[in-house]
Each structure stands twice: as structure tokens, then as C-alpha cells.
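Tertiary structure, described
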Amino acid sequence: MLSEADHKHMRRAVELARMALEAGDDPFGSVLVSGDGKVLAEDRNREGKGDATRHPEFDLARWAATHMTPAERAGATVYTSGEHCPMCAAAHGWVGLGRIVYAVSSRQLRQWRAELGATGDSPVRPLPIQDVAPFVKVEGPVPEFEDEVHELHRRAFARKK
Ligand SMILES: [Zn+2]
């Protein structure tokens, strides 16, 4: 279902997640691609310094609001290693961005955390993107990236213990 270009952009999002992990942040990465296939911006999680809103999807939504016309935003795609959280899904919806492709779902991430023995609830309810931004076209998970993303999260969790 995903094109070769989709895979290339997803590969980059997962690479950014790995860079985030290696920099001491949580392993999430995202890429913003225009309707005609150009990479416009990319970012990775930057929560390590203590600001838990520094999710790449949120930063890309704000970048898009500053640098793109509404029509350009509607035609763009955000590739991301993990499904948007409600904060990021809302930002994506508010700025009118187009399609989202994610490698692993919030449900998978939650299950992995439980399996790793994570305690304590997230302060934000883990709603699926479409419960927050119902008009956004969403594709995911992408099974071929699952093992790699799972491993990044295992490493991140092991480090926090
Ligand atoms: Zn988020």
C-alpha cells in the first residue's frame, strides 16, 4: 500500500528516532514532505532537557503553519516513527496538514511499555489520531519497521531504569 517514496521517508523518520535516542531523548522522529515529494522539514524528539511538549510532530506542525500556505499544508504528508499523541494530532489538525503515515501505533507503544514493566499512567489519554483529528487521512502501522522501532524503545526504557 505504501509507495517506494513512502518507505524512504519512513526510513528517515526511524533514523531520526535513533538519533534522538543516541542524543539522550526519547526515540521518535518525523519528516514533513510536500505534495510533490520534497522533504521540507524534519525533527526528532527533544524532551531530554525537560520540556515534555518537544515532540517532533508538534514542532513540524508549527513549522508548517509558519512556512506553508493552507493549500500546501493540506497536500503534505507527515511520516513519523510513532503515532501522533493527542497534542500532536490536535496541532496537525489545527494547522490543516494532510496525510499521516506512522510506523507503530500508540496502542503498540502502550503495550510495549506495559511489557517492559513501565509504571504510572501517561498524563495524557492515549487517543488514536482519528479520535482527535477526524478528517486526517492516517496510514499505519507499517509492520516492516516494527522490530526496529521496538528495539529503540527497549533501549530507551532500559536507560531510564
Ligand atoms: Zn506528541
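Above this text is the structure in question.
First things first, this report covers the structure right here in the doc. Residue positions are given per chain, counting from 1 as you read along its sequence in written order. pLDDT decides what is reported in this predicted model: residues at 70 or higher carry local features, side-chain atom pairs at 80 or more are listed and counted, and totals for whole chains, interfaces and linings draw on all residues regardless. For the side-chain quantities, the full set of heavy atoms in the structure was used; hydrogens and water were omitted.

1. Comments concerning the overall build of the protein
Looking only at helices and strands, one finds seven helices and five strands in the protein. For helices the rule is a DSSP run of H or I covering at least 4 residues; for strands it is a run of E covering at least 2, with both sets numbered from the N terminus onward. Order of helices (α) and strands (β) in the protein, N terminus to C terminus: α-β-β-α-α-β-α-β-α-α-β-α. C-alpha atoms define the radius of gyration in this analysis, and the globule rule sets the expected value at 2.2 Å times the number of residues to the power 0.38. In terms of overall size, the protein behaves like a compact globule, its C-alpha atoms giving a radius of gyration of 15 Å where 161 residues would be expected to give roughly 15 Å. The classification of residues rests on relative accessible area computed with a 1.4 Å probe and restricted to protein chains. Under 20% of the type maximum is buried, over 50% is exposed, and intermediate values are partly exposed. For the protein, the proportion of its 161 residues judged to be buried stands at 45%. Once local pairs closer than 6 in sequence are excluded, the contacts in the protein between residues at least 24 apart make up 63%. Charge convention: Lys and Arg are scored as positive, Asp and Glu as negative, and His as well as the terminal groups of each chain are ignored. Charge positions are represented by NZ for Lys, CZ for Arg, CG for Asp and CD for Glu. Positive and negative charge centroids in the protein, built from 22 and 24 side chains respectively, lie 3 Å apart. Two residues qualify as a contact provided that any one of their heavy atoms is within 4.5 Å of a heavy atom in the partner residue.

2. As for the pairing of strand 3 (residues 77-82)
Across the six residues of strand 3, six count as buried, placing the element largely inside the fold. By this definition, two strands are paired if DSSP reports at least two bridges between them. As defined by bridge partners, strand 1 (residues 29-33) adjoins strand 3 across four bridges and the pair is classed as antiparallel. Each bridged residue has a counterpart across the sheet, and for Val 33 the counterpart in strand 3 is Thr 77. Sheet topology note: the strand 3/strand 4 (residues 99-104) ladder contains five bridges and is parallel. By the bridge assignment for strand 4, Val 78 is matched with Ile 100. We call a crossover right-handed when, viewed with both strands directed away from the observer, the connection leading from the first strand over the helix to the second proceeds clockwise. For the handedness criterion, the β-α-β arrangement of strand 3, helix 4 (residues 86-94) and strand 4 is classed as right-handed.

3. Digging into the packing of helix 5 (residues 106-115) against helix 7 (residues 146-160)
Helix axes are fitted only over the stretch in contact, all axes being lines through C-alpha atoms; the angle between N-to-C directions runs from 0 to 180 degrees. One way to put it is that helix 5 packs onto helix 7 with a least axis distance of 11 Å and a crossing angle of 45°. Classified by the angle between their axes, helix 5 and helix 7 sit oblique to one another. The hand of the helix 5/helix 7 crossing is right-handed. Residues Gln 108, Leu 109 and Trp 112 of helix 5 form the contact with helix 7, whose own contacting residues are Glu 146, Val 149, His 150 and His 153. The cut-offs work like this: below 35 degrees is roughly parallel, past 145 is roughly antiparallel, 65 to 115 is roughly perpendicular, and the gaps in between are oblique. A clockwise turn of the near helix away from the far one marks a right-handed crossing, whereas an anticlockwise turn of less than a right angle marks a left-handed crossing.

4. A few points about the sheet that holds strand 3
The five strands are arranged 2-1-3-4-5 in an open sheet whose pairing can be described as mixed. Bordering the open sheet on either side are strand 2 (39-44) and strand 5 (138-139), each of which pairs with just one other strand. Two strands pair when backbone bridges link them, and strand 1 and strand 2 are joined in this way by five bridges, in the antiparallel orientation. Bridge assignment links Gly 29 to a residue of strand 2, and that residue is Arg 44.

5. Looking at the coordination of the zinc ion
Metal-coordinating donors are taken as N, O and S atoms lying within 2.8 Å of the metal, or within 3.2 Å when the metal is Na, K or Ca; because water is left out, some sites can appear incomplete. Donor atoms from the polypeptide that coordinate the zinc ion comprise His 55 (ND1), Cys 85 (SG) and Cys 88 (SG), at 2.0 to 2.3 Å from the metal. Positions of the donor residues of the zinc ion along the chain correspond to the pattern H-x29-C-x2-C. Placement of His 55 in the loop between strand 2 and helix 2 (56-67) and of Cys 88 in helix 4 is noted, with a sequence separation of 33 residues between them. The exposure class of Cys 88 is buried, given its relative accessible area of 0%.

6. Brief notes about the environment of Ser 122
With respect to the element layout, Ser 122 can be found in the loop between helix 5 and helix 6 (129-132). As for Ser 122 and Arg 110, which are separated by 12 residues in sequence, their C-alpha atoms are 9.4 Å apart. Here a polar contact means two N or O atoms within 3.5 Å. Within protein one must be a hydrogen donor candidate and the other an acceptor candidate, and residues neighboring in sequence count only if both atoms are side-chain atoms. Of note is the side chain of Ser 122, whose polar atom sits 2.8 Å from the backbone oxygen of Val 124.

Read these as layout, nothing more, since geometry by itself doesn't imply function.
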